[in-house]
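For reference, the chains in residue letters:
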Amino acid sequence: MHPRRGRSGERHPPYLRFARDRGFRLCTGCAVDELLVEGGRVTGVRVGARTIRADAVIDATGAWAGRLRPASVPLPLQPFRRHLFVSGPLANPWPREAPFVWVWRDELYARREGDALLLSPCDETAHPPGCPPADPTAAELLAVTLARHAPGLGHLTLRRSWACLRTFAPDRRPVVGPDPTLTGLYHVAALGGFGVTTSAAIAEVAVLAMAGKPADWLDLAEVSPARLCGAGEMPAAKAAHRQ
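All values derive from a computational prediction rather than experimental measurement.

A. Quick peek at the overall build of the protein chain. Tallying secondary structure elements over the protein chain gives three helices and twelve strands in all. Counting all 243 residues of the protein chain, 37% fall into the buried class. Taking as baseline every contact in the protein chain between residues at least 6 positions apart, the subset at least 24 positions apart corresponds to 63%.

Following this line, the structure appears as structure tokens:
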């Protein structure tokens, strides 16, 4: 999340400002080394030499999600690498009100990004958690995809590129709710590429699941981590030919 100026002029995201106003602290540059469990329930985490006690721990760690569970039994979640590109300036920029374009199956994603376009060939390659390096062949895949679906954009130059990780469950539905075997551990994971877009709604679902209350717009069983018990396999990429 990138900081933006709020109404008060503070350079803090609204979510973070809201949390800090209620006594929460944000700690960065540290890793959870161990989930603390006593009497069959979570009692906190160990971060280096520091112990943080808590009645509830929420695993919302993106590509690392599902790996906090003890006994080396992670949830069957798989990160996939995807590439994004920003083009050079357009001679005729897309209007601000232009919709984004998403071609399904043989996929292509494109939307306005300032005076340029944000583009992706929507590739998927299984990748371990971490900061994924960009694969040079992804640019070739983008060129082929543009030639097929948007030949008018074939002249574009590419200003920059990067790779990111998107995490999925085997059924490609989100994973939100209590751990099926360990009291006090909760999961918010497998949001694929829509985590930021749906963050407010997902937070609402997580709060209801933690409180044991139903949601009036979603069947919580559809996103419950309990459905993954016995799933036994990691999700596969949508199409084997993608880079």
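B. Layout of the pairing of strand β5 (residues 78-87). Most of β5 is tucked away, with ten of its ten residues classed as buried. Covered by surrounding structure in β5 are Q78, F80, R82, L84 and V86 together with P79, R81, H83, F85 and S87, the residues of both alternating faces. Sheet topology note: the β5/strand β10 (residues 158-168) ladder contains ten bridges and is antiparallel. Within β10, the residue paired with V86 across the bridge is R160. Note that β5 and strand β9 (residues 125-126) share two bridges and pair antiparallel. The residue bridging R81 from the neighbouring strand is T125, located in β9. Here β5 runs beside strand β8 (residues 116-120); their pairing, made up of two bridges, is antiparallel.

C. Structural view of a nonpolar patch on the surface. Together, F100, W102 and W104 line one region of the surface with nonpolar side chains, adding up to about 390 Å² of accessible area. Its location among the elements puts W102 in strand β6 (residues 101-103).

D. Up close: the nonpolar core. Among the nonpolar cores identified, the biggest contains twelve residues, and these are F85, L90, L108, A110, L117, L119, A138, L142, L146, A150, L153 and L156. Only β7 (108-113), β8 and α2 (137-149) provide two or more residues apiece to this core. Here this core gets three residues from one element, more than from any other, and that element is α2. Contact partners of A138, with chain neighbours within four places excluded, come to H83, F85 and P121.

E. Representation of the sheet that holds strand β12 (residues 185-189) in the model. One open sheet holds the three strands; their spatial order is β4-β12-β11, and the pairing between them is mixed. Lying at the two open borders of the sheet, with one neighbouring strand each, are β4 (57-59) and β11 (175-178). On average, adjacent strands in this sheet sit at an angle of 20° to one another, irrespective of strand direction. Of the pairings in the sheet, the one linking β4 to β12 comprises three bridges and is parallel in character. The residue of β12 that forms the bridge with D59 is H187. Strands β4, β11 and β12 of the sheet are contacted by helix α3 (residues 199-211), whose axis makes an angle of about 25° with β11.

F. Spotlight on the environment of W217. The residue W217 is located in the segment after α3 in this model. Sequence separation of W217 and V205 is twelve residues, and the distance between their C-alpha atoms is 9.6 Å. When residues no more than four places from it in sequence are discounted, the contact partners of W217 are A201, E204 and V205.

Thresholds, definitions, all that
Residues numbered from 1 in each chain as written. Predicted model: local features only at pLDDT ≥ 70, side-chain atom pairs only at ≥ 80, totals over all residues. Heavy atoms only, no water. Helix = DSSP H or I, 4+ residues; strand = E, 2+ residues; numbered from the N terminus. Buried < 20%, exposed > 50% of the residue type's maximum accessible area, 1.4 Å probe, protein only. Contact = heavy atoms within 4.5 Å. Pairing = 2+ DSSP bridges. Patch = residues over 30% accessible without salt bridge, like charges linked within 9 Å, V, L, I, M, F, W, Y side chains within 5 Å. Areas by Shrake-Rupley, 256 points an atom, 1.4 Å probe, with all protein chains shown as cover. Salt bridge = Lys/Arg side-chain N within 4 Å of Asp/Glu carboxyl O. Core = buried A, V, L, I, M, F, W, Y, C linked by side-chain atoms within 4.5 Å. Axes fitted to C-alpha atoms, helices over the stretch in contact; angles between N-to-C directions.

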